[in-house]
Amino acid sequence: MGDNVRNPRAYQTRRITFSACHRLHSPYLTDDENKEIFGKCNHINGHGHNYVVLVTLFGEIDNKTGMIMNMTELKKYMEEAIMKPMDHKNLDKDVEFFFTRPSTTENLTIFIWNQMKAVMEKPELLYEVKVFETENNIVKYRGE
């Protein structure tokens with residue numbers, strides 16, 4: 001292709017699952033306020049989820065490889081950014097990001113976004129992180 005012609009662009013998504021426990025509790029609220037806002041999810045011993053994470057890239061399809069990014073490379077980044085720090089962990093006690101903020105799915109999604117940006121060789125390809133806490137509770141983040 002000529003120098004002025006841009007390669008076609010596409011979206012590429014990889015799915016990963018991890019298990020972790022947490023307690024919805026904000027250090028900025030009283031115990032009574034936490035109980036009122038978070039209900040049973042504020043239980044002192046926490047609870048667990050099997051999280052499903054979709055990481056989507058957006059970029060040009062390379063002429064030579066036919067890919068935006070090799071899926072093996074994306075899998076490696078996701079293992080480093082998601083599985084290593086969070087799988088089979090207590091998010092509130094094992095992940096420093098949650099020491100000062102509630103481990104809501106919104107904050108979890110932002111954490112994963114930041115982690116992916118930090119480990120990727122081409123972080124500008126990261127388009128969206130989507131986290132399914134349950135099949136009904138879903139948060140997506142695009143760096144806004």
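Let us look at the structure shown here. (Residues numbered from 1 in each chain as written. Predicted model: local features only at pLDDT ≥ 70, side-chain atom pairs only at ≥ 80, totals over all residues. Heavy atoms only, no water.)

## Comments concerning the packing of aromatic side chains
The relative placement of two aromatic rings is captured by the distance of their centres and the angle of their planes. Using the criterion set out here, one finds eight aromatic pairs in the structure. Their ring planes at 55 degrees and their centres at 6.1 Å tell us that Phe 58 and Tyr 127 sit as a pair that is tilted. With Phe 58 in strand β2 (residues 47–60) and Tyr 127 in strand β4 (residues 126–132), this residue pair connects regions lying 69 residues apart in the sequence. Residues Phe 97 and Phe 98 carry aromatic rings whose centres are separated by 5.2 Å and whose planes lie at 90 degrees to one another, so their mutual orientation is edge-to-face. Taken together, Tyr 11, Phe 58 and Tyr 127 form an aromatic cluster joined through their ring pairs. (Phe/Tyr/Trp six-rings, centres within 6.5 Å; stacked < 30°, edge-to-face > 60°. Helix = DSSP H or I, 4+ residues; strand = E, 2+ residues; numbered from the N terminus.)

## Overview of the pairing of β2
The sheet contact formed by strand β1 (residues 9–22) and β2 spans 14 bridges and is antiparallel. Across the sheet, the residue bridging to His 22 is His 47, located in β2. Bridge analysis of β2 against β4 gives six bridges, and the strand direction is antiparallel. Across the sheet, the residue bridging to Val 55 is Val 129, located in β4. (Pairing = 2+ DSSP bridges.)

## Digging into the pattern of salt bridges
Side-chain pairs of opposite charge can arise where the charged atoms are in close proximity. Here the structure, examined in full by the defined rule, presents two salt bridges. Glu 80 serves as the salt-bridge partner of Lys 84, at 3.6 Å between the closest nitrogen and oxygen. With Lys 84 and Glu 80 both in helix α2 (residues 71–86), this residue pair falls four residues apart, about one helical turn. On the basis of relative accessibility, which here comes to 38%, the residue Glu 80 falls in the partly exposed class. Note that Arg 142 is salt-bridged to Glu 128, the shortest N-O span being 2.6 Å. Note that Arg 142 is positioned in the segment after β5 (138–141) and Glu 128 in strand β4, a separation of 14 residues in sequence. You can call Glu 128 buried: its relative accessible area is 9%. (Salt bridge = Lys/Arg side-chain N within 4 Å of Asp/Glu carboxyl O. Buried < 20%, exposed > 50% of the residue type's maximum accessible area, 1.4 Å probe, protein only.)

## What about the nonpolar core?
Within soluble globular proteins, side chains that are nonpolar generally end up buried alongside one another. Core analysis: the largest hydrophobic core is formed by 31 residues, its most contacted members being Phe 18, Val 53, Ile 82, Met 86, Leu 108, Ile 112 and Met 116. When residues of this core are traced back to their parent elements, those giving at least two are β1, β2, α2, α4 (105–119) and β4. Of all the elements, α2 adds the most residues to this core, at seven residues. For Ile 82, the residues in contact, after removing those within four places along its chain, are Ile 16, Phe 18, Val 53, Val 55, Asp 87, Ile 112 and Met 116. (Core = buried A, V, L, I, M, F, W, Y, C linked by side-chain atoms within 4.5 Å. Contact = heavy atoms within 4.5 Å.)

## Quick word on the sheet that holds β1
Spatially, the five strands line up as an open sheet ordered β3-β1-β2-β4-β5, and their pairing is mixed. Taken across any chain shown, the strands that pair with only one partner, and hence form the sheet edges, are β3 (89–90) and β5. Its contacts with the sheet place α2 against β1, β2 and β3, and it is angled at close to 25 degrees to β1. (Axes fitted to C-alpha atoms, helices over the stretch in contact; angles between N-to-C directions.)

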